[in-house]
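# Descriptive structure summary
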Amino acid sequence: MSSSDIFIGETIGTAILILLGGGVCAAVTLKASKARNAGWLAITFGWGFAVLTAVYTSAPLSGAHLNPAVTLALALKKNGISWSDVPVYWGGQLLGAMIGAALVWIAYYGQFHAHLTDKEIVGGPGAQSTKTKAVEAQEQGAGPVLGIFSTGPEIRVAWQNVATEVIGTIVLVLAVLTQGLNGDGKGLGTLGALITALVVVSIGLSLGGPTGYAINPARDLGPRIVHALLPLPNKGGSDWSYAWVPVVGPLIGGAIAAGIYNVAFA
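This write-up is about the structure you can find in this document. (Residues numbered from 1 in each chain as written. Predicted model: local features only at pLDDT ≥ 70, side-chain atom pairs only at ≥ 80, totals over all residues. Heavy atoms only, no water.)

### Side note on the overall build of the protein
Helix and strand counts for the protein stand at 12 helices and zero strands. Shown N-terminal to C-terminal, the secondary structure of the protein runs as helices and strands in the order α-α-α-α-α-α-α-α-α-α-α-α. Per-residue burial for the protein yields a buried fraction of 51% across its 266 residues. Partitioning the intrachain contacts of the protein with sequence separation of at least 6 by distance along the chain shows that 77% fall at a separation of at least 24. (Helix = DSSP H or I, 4+ residues; strand = E, 2+ residues; numbered from the N terminus. Buried < 20%, exposed > 50% of the residue type's maximum accessible area, 1.4 Å probe, protein only. Contact = heavy atoms within 4.5 Å.)

### Concerning the pattern of salt bridges
Within the structure shown, the criterion is met by four salt bridges. As a salt-bridge pair, Asp239 and Arg156 come within 2.8 Å of each other at their nearest N and O atoms. Note that Asp239 is positioned in the loop between helix H11 (217-229) and helix H12 (245-264) and Arg156 in the loop between helix H8 (146-149) and helix H9 (158-179), a separation of 83 residues in sequence. Classification of Asp239 as buried rests on a relative accessible area of 5%. By relative accessible area, which is 40% here, Arg156 ends up partly exposed. A salt bridge links Arg224 to Asp220; its shortest N-O distance comes to 2.6 Å. Taken together, the residues Arg224 and Asp220, both in helix H11 and four residues apart, mark about one turn of the helix. (Salt bridge = Lys/Arg side-chain N within 4 Å of Asp/Glu carboxyl O.)

### Quick notes on the environment of Trp105
With respect to the helices, strands and loops of the structure, Trp105 is situated in helix H4 (residues 86-107). The spatial distance from the C-alpha of Trp105 to the C-alpha of Phe149 is 9.4 Å, given a sequence separation of 44 residues. Non-local contacts of Trp105, meaning those with residues more than four positions away in its chain, are made with Phe112, Leu230, Pro231 and Leu232.

### Things to note about the side chain of His227
Residue placement: His227 occurs in helix H11. Setting aside anything within four residues of it in sequence, one finds His227 in contact with Val145, Leu146, Phe149, Leu232, Lys235, Gly236, Gly237 and Ser238.

### Overview of the packing of aromatic side chains
What the rule picks out here adds up to five aromatic pairs. Consider the rings of Phe45 and Phe49, whose centres lie 6.2 Å apart with planes at 45°: the pair is tilted. Linking Phe45 with Phe49, this pair stays in helix H2 (residues 40-62), spanning four residues, or about one helical turn. Of the residues examined, Phe49 reaches a relative accessible area of 53% and is grouped as exposed. (Phe/Tyr/Trp six-rings, centres within 6.5 Å; stacked < 30°, edge-to-face > 60°.)

### Focus: H11
The first and last C-alpha atoms of H11 sit 18 Å apart over 13 residues, in line with the 18 Å expected at 1.5 Å per residue. Residues of H11 that are buried make contact with helix H1 (3-29), H2, helix H3 (68-76), H4, H8 and H12. A side-chain oxygen of the first residue of H11 lies 3.0 Å from the backbone nitrogen of Ala218; this N-cap is Asn216. (Expected span 1.5 Å × (residues − 1). Polar contact = N/O pair within 3.5 Å; in protein donor to acceptor, adjacent residues only side chain to side chain.)

### A few points about a nonpolar patch on the surface
Taken together, the side chains of Phe7, Ile8, Ile12, Leu61, Leu95, Ile99, Leu103 and Ile106 present a nonpolar region at the surface, about 620 Å² in accessible area. Ranked by residues supplied to the nonpolar patch, first place goes to H4 with four residues. Here Leu103 shows up in helix H4. (Patch = residues over 30% accessible without salt bridge, like charges linked within 9 Å, V, L, I, M, F, W, Y side chains within 5 Å. Areas by Shrake-Rupley, 256 points an atom, 1.4 Å probe, with all protein chains shown as cover.)

### Remarks on the packing of H4 against H11
Across the interface, H4 lies against H11 with an axial gap of 8 Å and an inter-helix angle of 50°. Relative to H11, the element H4 lies oblique. Along this stretch, H4 crosses H11, giving a crossing that reads as right-handed. Contact with H4, carried on its side by Gln93, Leu94, Ala97, Met98, Ala101 and Ala102, involves Ala218, Leu221, Gly222, Pro223, Ile225 and Val226 of H11 and no other residues of that element. Split by residue class, the contact of H4 with H11 holds 10 nonpolar, two polar and no charged. (Axes fitted to C-alpha atoms, helices over the stretch in contact; angles between N-to-C directions. Parallel < 35°, antiparallel > 145°, perpendicular 65-115°, else oblique. Left-handed = near helix turned anticlockwise from the far one by under 90°. Nonpolar A, V, L, I, M, F, W, Y, C, P; charged D, E, K, R; others polar.)

The structure is reproduced here in structure tokens:
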């Protein structure tokens, strides 16, 4: 795979991942959406199908890493990818994540405006006395729609939040390493893509409750940057004080998973 193939494949694949994954979060969150309040099952399966679609699309070009933690693990893996390719993968993943987040905003433009000008959501004169969860989150530094773009903890305990991301990422990356890349290095096979998608659903259902299961630094950081840049009314903060957790945690998890693989499976 050439550097251009890697960069283009990761950009396209990660953009699709975030478009569909962020899209289901927008569908469930925004008041004027037909899928409003569809719940956690919709989000977890939406992200799983997003992974499946993104992998099928980008695997022929780049091998469909779509995640800096996966790329790091594959570089640490015995006989893994070249370290010189790592920045190319990471650059494409971050750019793709930002593009995908911007596309979610475009697709739900009217819903974002309606949601963020609703007094029940953002507060202000005439708002109901009972605070919504969105207003409570905004007071903690996260705006009322940040959850569409990036993750955040239900209980803010830094070591636990990092540990949750580490554990979830270990599960994901071990699944990828043990049945992911095929022998000729051209990416995830058909069955591998489906299994990986189902693993993401499983992680979301089992381990997603505490932090929203970023398990992917680009998935969280790219959209958070877009949230900070978009001209959204009453959007509130981007919670940069938490932003390091879904970057550092998954990278640690990816490195640990590679170590486990090298010891137990290689």
